[in-house]
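Here is what each chain is made of, one letter per residue.
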Amino acid sequence: MFLRSLIKNKLVTINYYKEGTLYKCTGHVQGLNLAEQTLSLKDQQEKILSIRLSKIMKIS
């Protein structure tokens, strides 16, 4: 499955919408919660972001 392959320890860039604004974040995927449909991402400042899967526009 594509989403499970993101959990591997590699750097990813995610473009996502939050409150109508497009954001871009680069970091390592910390976890994937399919029940809540969220992805946890640890950015370069060591902050953990929780992003809803429905708000993600692009993953590279």
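Structure first, text after, so check above.
Cut-offs used in this document
- Numbering of residues starts from 1 in every chain and runs along the sequence as written.
- Reporting in this predicted model follows two pLDDT cut-offs: at least 70 for local features of residues, and 80 or more for side-chain atom pairs to be given and counted; totals over whole chains, interfaces and linings ignore these cut-offs and use all residues.
- For side-chain calculations, the full set of non-hydrogen atoms in the structure is used, while hydrogens and water are omitted.
- Strands are labelled as partners when DSSP assigns at least two bridges between them.
- Note on conventions: DSSP H or I runs of at least 4 residues are helices, E runs of at least 2 residues are strands, and numbering of each starts at the N terminus.
- Convention adopted: a line fitted to C-alpha atoms gives each axis, helices being fitted over their contacting stretch, and angles between N-to-C directions are expressed from 0 to 180 degrees.
- By nonpolar core is meant a set of buried Ala, Val, Leu, Ile, Met, Phe, Trp, Tyr and Cys residues that side-chain atoms within 4.5 Å join together.
- When accessible area is computed with a 1.4 Å probe and restricted to protein chains, residues below 20% of their type maximum are described as buried, those above 50% as exposed, and intermediate ones as partly exposed.
- We call two residues in contact when some of their heavy atoms are within 4.5 Å.

Digging into the sheet that holds strand β5 (residues 56–59)
Whether parallel or antiparallel, the strands of a sheet pair through hydrogen bonds between backbone atoms.
Inference 1: A sheet is described by the order of its strands in space; here five strands give the open sequence β4-β3-β2-β1-β5, paired in antiparallel fashion. Edge positions in the sheet fall to β4 (48–52) and β5, since each has one partner strand and no second. For this sheet, the mean inter-axis angle between neighbouring strands, taken without regard to orientation, is 45°.

Some thoughts on the nonpolar core
Inference 1: With nine residues, the main nonpolar core is built from V12, I14, Y16, C25, V29, L39, L41, I51 and I56.
Inference 2: Elements with a contribution of two residues or more to this core: β1 (11–18), β2 (21–33) and β3 (38–43).
Inference 3: Of the residues forming this core, the biggest block, three residues, is contributed by β1.
Inference 4: Every residue in contact with C25, bar those within four places of it in the chain, is listed here: V12, T13, I14, Y16, L41, D43 and L49.

So far we have only geometry, and geometry alone does not tell us how the molecule works.
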